Structures are given as structure tokens and as C-alpha cells.
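Chain by chain, the residues:
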There are 2 protein chains.
Amino acid sequence: MNYSFAQRVSSLKPSAIREILKFTSAPGYIPFAAGNPSPEAFPTTIISEISNNILTNRPIDALQYSITEGYAPLRDHLTNYMKTKHDIGRDFDQILICSGAQQVMNLATMALCDPGDVIICENPSFIGSLNAFRCMEQKLVGVDMEEDGMNLEMLEKCIKENPSCKFIYTIPNFQNPSGITMSLEKRKKLYRLAKENNILILEDNPYGDIRIGGENLPSIKSFDQDGIVIYAGTFSKVLAPGIRVGYAIAPRQIISKMVVCKQTSDVHTNIWGQLLCHEFMTKYDYEAHLENNRNIYREKANHMLDLLDKYIGGRISFTRPEGGLFIWCTLPDSVDMLDFCKALLDKKVAVVPGNAFTMKDTDKTQSFRINFSTPTNEQLELGCKILGETADIFIK
Amino acid sequence: MNYSFAQRVSSLKPSAIREILKFTSAPGYIPFAAGNPSPEAFPTTIISEISNNILTNRPIDALQYSITEGYAPLRDHLTNYMKTKHDIGRDFDQILICSGAQQVMNLATMALCDPGDVIICENPSFIGSLNAFRCMEQKLVGVDMEEDGMNLEMLEKCIKENPSCKFIYTIPNFQNPSGITMSLEKRKKLYRLAKENNILILEDNPYGDIRIGGENLPSIKSFDQDGIVIYAGTFSKVLAPGIRVGYAIAPRQIISKMVVCKQTSDVHTNIWGQLLCHEFMTKYDYEAHLENNRNIYREKANHMLDLLDKYIGGRISFTRPEGGLFIWCTLPDSVDMLDFCKALLDKKVAVVPGNAFTMKDTDKTQSFRINFSTPTNEQLELGCKILGETADIFIK
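We now turn to the structure provided with this report.

Each partner contributes residues to the interface: chain B has 73 residues there, and chain A has 73 residues. Summing both partners gives a buried area of about 6000 Å² for chain B against chain A, and 63% of it is carried by carbon and sulfur. Put simply, chain B and chain A have 0 salt bridges between them. The tally of links from chain B across to chain A stands at 29 residue pairs in polar contact (both at pLDDT 80 or more).

Now the structure itself:
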């Protein structure tokens, strides 16, 4: 049979990047292309203890159907926690537990956007979110990144040129892939611009809790007196990603539409994972766990940065992120970035070519993304050495 | 701010049924409206044992990111199991692990259907699937049910009248809500009709493993030599629904598009649940567990049917399903069905009005759905008694 697919998926074509990405998790490769949290950061003993406890004492709670909005005690606790700790959430807001933060992007787009609508994104930005928008047939308009976040003049121009823009998508903390943190001033200006132009903001903050340097900055959602920000959080980077538990905090009118969409998508998020998050936050020292994770990531990041200084310093520029999992490397203009990535791949080092993160994968970029949380220390050492050897060949 | 929502959700309006459905899981109500598997059927001890084992011996496997297609050993085992036991799956097919069977409906629609396309459904049919189709802006065309399944003359007419039909959605075994099982003859004819007209079939089989009477019948997918059937299965009714693990078996071209959509929806299904299913199927006596579950459901169903005979027999007709979780009751034409359901609600018995399952909720129906798996035996007794007392008032 000749299958006829929906417009939304038939436009997705194989690309040069995808051919490279195939190898990013292949065995035998040094996983600089990965985006996995460090397994050392998973509180495995506590998770095991909580889970045994739940499955012994109240197994049905973890196994029966639950409600779409999420496990009520987790929703209540998170609401209070985010309000108290981060000043996130007003009376007009509600919380929705999602199957990872990825589902927040998916549901927000489902609820708000018709095909052909525009979403303004940081350029480059997280490929998973961009694909969620593309899969709902959104037109992506990119705003260049500067050292302190989006170029706001360019953002203003994009807003004027795209009146059908539904929301601005941003990762203010240690952005994936660029590692850039948006300044407080730009956060405030971005909020003001969105408000003046009647556009929503989708603020994605997967890494906020693993800041390894610099000063904490308030989230854009914490300014939200007007009900224009959808905030996406997740337990993937602070507890474990395999449990697939994230959440959205947004005005209740928006959440109620997202609930309708979630009901038709997966009924509810797996309840075992939700119980786990709730018990972990309420019965254990959650703040101590976060601090411990920050120490793990700080050490890994610094280790890789030292190695990069040693092997590619002065030849390939790279960010020194204040958190997150990634370092963004930029080659001199004389080097063909895709050729460079392919040469690394030949030496069994997988990195992500920068155009995986641009609005169109044909966009020109000299950058590539590397990750410090997944590789072992030995892999970090060997991979950075190979980076240096490859630079020897490409950069005269 | 005045929010502007996507067309797909802004058309969803509050309805009379929804007002009743609000009460279906309210505390203090007898839950005849529920659709939960019986907690007695959950193998809690084994699940606890498996989970403890995994979290003690290989916690990272259960906690780290995994691949979108699903846990490879589960995919392999299920592929062999479904082929060997049910003759489901050919060389051109692939399996995709989903976050419950609900996600199969969501992803199949995302992959195959543009807004305005037609999906032909049994009328009545499962509200969760209908809403998944509606949320992707599909036009639903209903085919009336007869005692042995869809009216195939009407189906043929619907196919002719709707050339933009992408697939026919069917639940052949103990259909939700009607309890009807499609005859072997109709299964074969339905397959032939779909093939002749170049239309796919989405076969949803959540209850196949809990047959409590009659003869096993081959699935429509087992006839599929042509790559035209998408089969949806789930562990929700045989293991536990809270874990959110289901699966699709379909031609690889279709699965590959569904994978793209799933990647943007929730990255992957929670991996703990997938490991659980795999260990349960491979290290324990899965067939004995299914047999035990069938005994539990047979007993519950027979108990409710006896009570219905006693309290409403001869006045309200009802199905005697060969499996599943539901009994479909039909009132005489003289009775206003919604008034009857409201009267039951006043007496704290929640049932689902039949028009929750019709193509439009304004469609006329005399039926309502009741469930025998969720209520306790005491609730079954009391609820059926109240059904009888209400019939005394409405049916002279």
C-alpha cells in the first residue's frame, strides 16, 4: 500500500545532520553528543527506598489510573515550593504534571497554535522543542543570541513582522545549546515586549537547579503579573529523566486547554514517577540533593573546560556556562564545520553539529555542541585530546 | 490577557454529559461510570519484587533517558509473543512502545491525518479515542453497531461518501461501550473492504486478554498480508494502567512517522514501566496471571449480571459481554435517558450516558454504560438495587 501521511510529518526530510546524529549514541563512540544527566547524580538508593515503600504499603496508588492533571499532593507541594522558593505562580496560575518537559512544549503548541502560526525562538535553540513546534506545523522565526541572551532589537523586529506569533520560546538559564544565560535586564525587557505586543512567553527552565557558577537570576515567570508566561519545569535533570515527570505552571485558562490535549495524548503521566517525586521532595533533604548535584556537575564541567583549555585553547572558542550540561564550541571561519564534525566521528568522537539547533538545518553555523555530563572522566580526557588532534589538522 | 486558542481546542464546548461526567469519580458515589481495571487483578507482589530487583541491581537502566522506540528487549519479546500467540506482525511490521494505548490513537492520527480528514468509527465508540481524533480536527463518521459488529452495508456507504477517510477505527473484542464482539465473518469482510478501498484499519484491542466467555477469535491484524492494519495493544488491563505502557504494531513506514511524533510528544515512555512489563512477561508465569485475571473478571461480571437480572430484568435490556469491563444498558423508548441518568446521580449512582460515546453528543441514544470491575461487591449490590428502584419510577 502507498501510505499517505499528514502534512505535519511528510515535510520532515532526512538531513546531513541526522546522518551524523545516528552515531551520537552508538556504542564505541565517545558520547560528547549526548545530553544525558550524569548517572552519578541520580539518588538511586533513596529512589529504591521510596519505591519499595510505595509498592509494599500502597501499591494500588502507583498502579491504578489517575487524573490527567497529575497526582494532587505533588501538584500542591510543587505549587507551594515554586511559589516560596522561586516566586513562580500567582492566583491565576495552575500546575499540570506532564510526561517530561517535552510534553509541555507539545501541549502548549497543541493548545495555542494553528498550523502556519509563528513561534519566535532563540537561534540556536533546543532541537527537541523546535521539532515539537515543527510537528505542529509552526513557522519558526529565529532571534540571534548575544552573550547576555536574545538580541532584543531583532526580537522587536521579528514581533512586528510576525503578527501571527503565538509565543516566544526561551531557555533563559544556560541555554541549550549555547550555554548562554539571559541577563536580568533582558529578562525584564523581554517580558515587557511580550506584554506590550500581546504575545505569550514559553519559558523552559530544565537546568535552573543545576547552576554551577554565577548568581541566581529570577525567572521571567516570577515577573508575571499579567498571565502571559507558561513555565516549563522538569525532574529530568534533578532526579532522573527515565521517569518522565515534568510540569507546566501557567494561567488556568491555558492549563485547562492543555489538560484536554493531554487527556487525548496519554491520559495521565505515569503515577509511580509522580509518587516518587512527591516523596522525594517531602520526606528527604531535597535541597541537599540539589547541592550535591551541583557539585557533581561543577566538577565535571570544570574538568572538561580544563581539558579544552589544554587541547583546543586559542584555536576553537568555547563557552564557560554557569550551569546546564553543555559547552558550545565555535570554529574559525576557515574551517568547514560539518567536515570537522565528520572527522571527529571518524575518530569515534560524536558531537552535535550546530545546525541541528538552527531554525533551518541549512543555516550556516560554525558551532558544535559538546556535553560534559555523560562521558566518563577517561572519555573526557580522550575525547578532548582527539578534539585537539583534529584541530591540528583543520586549523593551520 | 485574552487568550487565543488553537482551532482544535477552541471548538470543544462544555456539554450536558460533561456535567454528569464530573461526578463519575466523585467520592461517595457508586462508581458504575468508572473504567478502572479491578485492583484485585494487579499482581502487586510480583510487581514489587521486580521493581525492587531492578532498582537494587540496575537502577540506572530504569532512570536514564532511553530511546523513543521503546526498551529493545521488551520490543523483541513482545514481537515474538504476539507473532507466536496471536499471529500478529509480519516482516513489514514494527513495534513501538507507547505511553498507554491512548497514545497509539494520538500518534496514528498525528502521523496520518490532516485537519478535516475523516475517520470512520463504530457508533458508539470509546470516548478517549474519539476525543483523540477530535483533538486532531478529524471529522468522525459513525457506523451503527449490530449484534455481531459494525453494519457493513453502512460502512461501505460511508467509505464511498468519504474518499478522504484515512482509517477505520474498531474495537473488535467486547467493544467499549457496547460490549459487542465482532464476528469472524465481519472481521474478514471489514479487512477486505478496507483493502479494496485503500483505507487503513486502526484495531484497538485493550481487552482481548480478558475474555471471560465465548471462543477466541483472530484479530483483524492477523489477516494483514497487505500492511493496512495498525494494531494497538496495552498492559493497562492485564498488568496495571498507572504504569502507562501500551504498544503499536504496524507497517514500519507508519511506525517511523509515529516515532517522529512520539519524539516530539514525550521523548519516550517511562522506562521503569517498560522494564516491569518485560520482566513480568519473561520471568514469571504470564499466562497463569492472565488466566487468574479472567477468573476475577468473570466472577465480577457474572455477579453484576445476576444482580441486573434480579433488579432490572425485563425492563431495561443489557448486554452479556464475553469480556472487557462494561455492560451496555438500553432503556425503553418511553424513558428520557439523560433524566434517568440524572435521577441515578441524585441517588449517588454514577453511570455514563450513552451519548458520551456517539459521534456528536447531541445524537439520540437510549443507552448508558455501567462497569463491573471497579465497584466492590457491596457497591454492585447497592447500585443495582438503586437501578431497580429508579426503573420503578421511570418505567411504568
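Attention now moves to helix α9 (residues 184-196) of chain A. Residue and element names in this part refer to chain A. The end-to-end C-alpha separation of α9 is 19 Å, in line with the 18 Å expected for 13 residues at 1.5 Å each. Within the sequence span of α9, burial applies to Lys186, Arg187, Leu190, Tyr191, Leu193 and Ala194. Down the axis of α9, the buried set is contained in an arc of 165°. They therefore lie on one face. For α9, the exposed residues lying more than 90 degrees away from the buried face are Glu185 and Glu196.

All names here are of chain A. Note that strand β2 (residues 118-123) and strand β3 (residues 139-146) share 6 bridges and pair parallel. Considered in β3, the bridge of Glu122 is made with Val143. Handedness of the crossover joining β2 and β3 through helix α7 (residues 127-135): right-handed. Both β3 and strand β4 (residues 149-150) contribute to a ladder of 2 bridges, which runs antiparallel. Within the sheet, the bridge partner assigned to Met145 lies in β4 and is Met150.

When chain B is brought onto chain A, the operation consists of a screw motion whose angular component is 180° and whose axial shift is 0.0 Å, with 0.0 Å RMSD remaining. The symmetry that links the two subunits is that of a two-fold axis. Taking C-alpha positions as reference, the residue of chain B nearest the rotation axis is B:Asn52, located at 3.0 Å.

Further remarks concern the side chain of B:Glu279. Residues and elements named next belong to chain B. Structurally, the position occupied by Glu279 is in helix α11 (residues 271-283). Residue Glu279 is classed as buried on the basis of its relative accessible area of 8%. Polar contacts involving the side chain of Glu279 include one to the side chain of Arg58, which spans 3.1 Å.

Residues and elements named next belong to chain A. Cis peptide bonds are those with omega within 30 degrees of zero, and the linkage from Asn123 to Pro124 qualifies with 10°. Within the secondary structure, Pro124 is located in the loop between β2 and α7. Despite not being glycine, Phe174 has its phi angle at roughly 45°, a positive value. As for its placement among the helices and strands, Phe174 is situated in the loop between β5 (165-170) and α9. What makes Phe174 buried here is its relative accessible area of 2%.

Next up on the list: the sheet that holds strand β10 (residues 326-330) of chain B. Residue and element names in this part refer to chain B. The sheet built from 4 strands is open, its strands ordered β9-β10-β12-β11 with antiparallel pairing. Of all strands in the sheet, those with a lone pairing partner are β9 (317-318) and β11 (352-353), marking the two edges. Summarising the sheet, β9 and β10 pair through 2 bridges and their orientation is antiparallel. The residue of β10 that forms the bridge with Ser317 is Thr330.

Quick notes on the rules
Residues numbered from 1 in each chain as written. Chains lettered and ligands numbered in written order. Predicted model: local features only at pLDDT ≥ 70, side-chain atom pairs only at ≥ 80, totals over all residues. Heavy atoms only, no water. Contact = heavy atoms within 4.5 Å. Buried area = accessible area lost by both parts, 1.4 Å probe. Salt bridge = Lys/Arg side-chain N within 4 Å of Asp/Glu carboxyl O. Polar contact = N/O pair within 3.5 Å; in protein donor to acceptor, adjacent residues only side chain to side chain. Helix = DSSP H or I, 4+ residues; strand = E, 2+ residues; numbered from the N terminus. Expected span 1.5 Å × (residues − 1). Buried < 20%, exposed > 50% of the residue type's maximum accessible area, 1.4 Å probe, protein only. Arc of directions from axis to C-beta. Pairing = 2+ DSSP bridges. Right-handed = clockwise from strand over helix to strand, strands pointing away. Least-squares fit on C-alpha atoms with pLDDT ≥ 70 in both.

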